[in-house]
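# Descriptive structure summary
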Amino acid sequence: MFLARTDKRFFFLCLAASQFLFILFLYRRGVSSVFQGVFGARPQWDYSKTQDVYTNLSLFIPDPETVRTQYCPITSPILVGPLSIALTKAPNLKKIQLKNRYVTPGGYFSPRHCFGRYRTAVIIPHRNRESHLRTLLYYLHPFLQRQQLHYAIFVVHQAGNATFNRAKLLNIGVREALRYDDWDCLILHDVDLIPENDYNLYICDEYYPKHLSSAMDKFQYSLPYWTYFGGVSAVTPDQFMKMNGFPNTYWGWGGEDDDIAMRIRLSGMSMTRTPLSMGRYKMIPHDRDSGNEENSHRHNQLRSTRKMWRDDGMNSLDFRLLSREKTQLYTNITVDIGEAPVMPTEPSRWRLF
Ligand code: UDH
Ligand code: MN
């Protein structure tokens, strides 16, 4: 049967519109969401049934005499899925050490019965959050061991009482971590975020920076906004250098994560993200720290990211190293990063700060 001319036009119009909507959907939600929906790749996770992240871990890490001959499987066979997390009392360092006896000084670990396929450095910006750090170490070490990664944990500690600068500490962490090993992946990790599912792998996307903390409890397990890149992310050293690292000029709370998200685009990349069902994190409840007051310049700064990103970043990083020490559970890097410059009140006079 033939369609009348106007019907035909209408038909093609609808076809074009639906194709447009479909492409828009793919662009926003990712191709994998469609495949998962259609082929049911994985059942939804049941977070009411959780397991201890230490479950049988010592059984899976055989005694030291075993000789390694093979690479670890691409997907670790010892993942458990949703994890139980109790945030009531931070464990002490001794207890964490006893439960992680194959972690070597500096917070290093390598799978013992196979060669780890991925080399991952976890970098944590830190000041005055010791109990959060202990809680994170307690959960993160076994989490990474379950993923059969060759990994190390670096804590970058800002000395002194000047305004906190998260992104600058992360830049320093990357520069320092790369002195120790040839890392495949750099995980930039807030100290107070505990991952809830060990299938959320701490490895990088081959092409683009990846946002791992896509579903945080403090945002009701969804994204606060589409370009959000705060919390925990994963970049390869190449991706990191391509965007000139992170900005050094955001002093105090806020804005630096949006600057990072913009750099990703400006340097010709886009961002990938762990699906919300897997990228779940609990944030240890806390108040705003003193010394990390809201950065009131951030909106103005973000307006000049396009102009600034090539000049403010790894190529302008300047700090004073105070110490490097290998503690049993992490490598501690203490730095003096200076302090926030006094901003001229006239925005047109802002240059590099
Ligand atoms: N950080 C420190 N020490 C500080 C400040 C920040 O270690 O004094 C690090 C730490 O890794 C932290 C990260 O920087 O996870 C980000 O800072 P944040 O946790 O303060 O940021 P967040 O967005 O908090 O989580 C906003 C504070 C609002 C609290 C409102 C109380 N309901
Ligand atoms: Mn926090």
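For the structure, check the block above.
Residues numbered from 1 in each chain as written. Chains lettered and ligands numbered in written order. Predicted model: local features only at pLDDT ≥ 70, side-chain atom pairs only at ≥ 80, totals over all residues. Heavy atoms only, no water.

## Thoughts on the nonpolar core
Most often, soluble globular proteins have nonpolar side chains that are buried together. Core analysis: the biggest nonpolar cluster contains 44 residues, and Val 122, Ile 124, Leu 140, Leu 144, Ile 153, Ile 187 and Tyr 202 have the highest contact counts within it. Elements represented by at least two residues in this core include exactly strand 2 (119–126), helix 5 (130–146), strand 3 (150–158), strand 4 (185–189), strand 5 (193–195), strand 8 (232–235) and strand 10 (280–283). Ranked by residues supplied to this core, first place goes to helix 5 with 8 residues. Here Ile 124 is in contact with Leu 133, Leu 136, Ile 153, Phe 154, Val 155, Val 156, His 189 and Val 191, once residues within four sequence places are set aside. One finds Leu 169, Leu 186, Phe 246 and Ile 333 within the second-largest nonpolar core, a separate group that totals 31 residues. (Core = buried A, V, L, I, M, F, W, Y, C linked by side-chain atoms within 4.5 Å. Buried < 20%, exposed > 50% of the residue type's maximum accessible area, 1.4 Å probe, protein only. Helix = DSSP H or I, 4+ residues; strand = E, 2+ residues; numbered from the N terminus. Contact = heavy atoms within 4.5 Å.)

## Some thoughts on the coordination of the manganese ion (ligand 2)
Within the protein, the manganese ion (ligand 2) binds to Asp 192 (OD) and His 286 (NE2); these donor distances fall in the range 2.1 to 2.3 Å. Residue Asp 192 is found in the loop between strand 4 and strand 5, and its partner His 286 is found in the loop between strand 10 and helix 9 (298–303); the two are separated by 94 residues along the sequence. Relative accessible area serves as the criterion here: at 31%, His 286 is assigned to the partly exposed category. (Donors = N, O, S within 2.8 Å, 3.2 Å for Na, K, Ca; no water.)

## Details of the site of ligand 1
Around ligand 1, the surrounding shell holds 16 residues, and the nearest of these are Pro 125, Arg 127, Val 191, Asp 192 and Trp 253. In this structure, a nitrogen atom belonging to ligand 1 sits 2.8 Å away from a main-chain N or O atom of Arg 127. A distance of 3.4 Å separates an oxygen atom of ligand 1 from a polar side-chain atom of Asp 289. Its free accessible area being 680 Å², ligand 1 has 80% of it covered by the protein chains. (Near = heavy atom within 4 Å. Polar contact = N/O pair within 3.5 Å; in protein donor to acceptor, adjacent residues only side chain to side chain. Areas by Shrake-Rupley, 256 points an atom, 1.4 Å probe, with all protein chains shown as cover.)

## Topic: a nonpolar patch on the surface
Among the surface-exposed residues, Phe 11, Phe 12 and Leu 15 lie close enough to one another that they form a single nonpolar patch of about 290 Å² accessible area. Positionally, Phe 11 belongs in helix 1 (residues 5–29). Judged by relative accessible area, which is 44%, Phe 11 ranks as partly exposed. (Patch = residues over 30% accessible without salt bridge, like charges linked within 9 Å, V, L, I, M, F, W, Y side chains within 5 Å. Salt bridge = Lys/Arg side-chain N within 4 Å of Asp/Glu carboxyl O.)

## Things to note about the sheet that holds strand 10
Strand order across the open sheet formed by 3 strands is 5-10-7, with mixed pairing between neighbours. Either end of the sheet is taken by a strand with one partner, and the two such strands are strand 5 and strand 7 (215–216). Note: strand 7 against strand 10, 2 bridges, orientation parallel. Across the sheet, Ala 215 pairs through a bridge with Arg 280, a residue of strand 10. (Pairing = 2+ DSSP bridges.)

## Some points on the packing of aromatic side chains
Inspection of every chain in the model, using the stated rule, returns 12 aromatic pairs. Centre to centre, the rings of Phe 143 and Tyr 202 are 4.9 Å apart; their planes meet at 65°, and the pair counts as edge-to-face. Linking Phe 143 in helix 5 with Tyr 202 in the loop between strand 5 and strand 6 (210–211), this pair joins segments that are 59 residues apart in sequence. For Phe 143, a relative accessible area of 0% translates into the label buried. A network of ring pairs unites the aromatic residues Tyr 108, Phe 154, Tyr 180 and Trp 183 as a single cluster. Sitting over the ring of Tyr 54, Lys 99 keeps its end group 4.6 Å from the ring centre. Note that Arg 273 overlies the ring of Trp 226, its terminal NZ or CZ placed 5.2 Å from the centroid. (Phe/Tyr/Trp six-rings, centres within 6.5 Å; stacked < 30°, edge-to-face > 60°. Lys NZ or Arg CZ within 6 Å of the ring centre and 35° of its normal.)

## Some points on the environment of Thr 227
Counting through the fold element by element, Thr 227 comes out in the loop between strand 7 and strand 8. When its relative accessible area of 42% is taken as the criterion, Thr 227 is described as partly exposed. Put simply, Thr 227 and Met 271 are 44 residues apart on the chain and 8.6 Å apart in space, counted from C-alpha to C-alpha.

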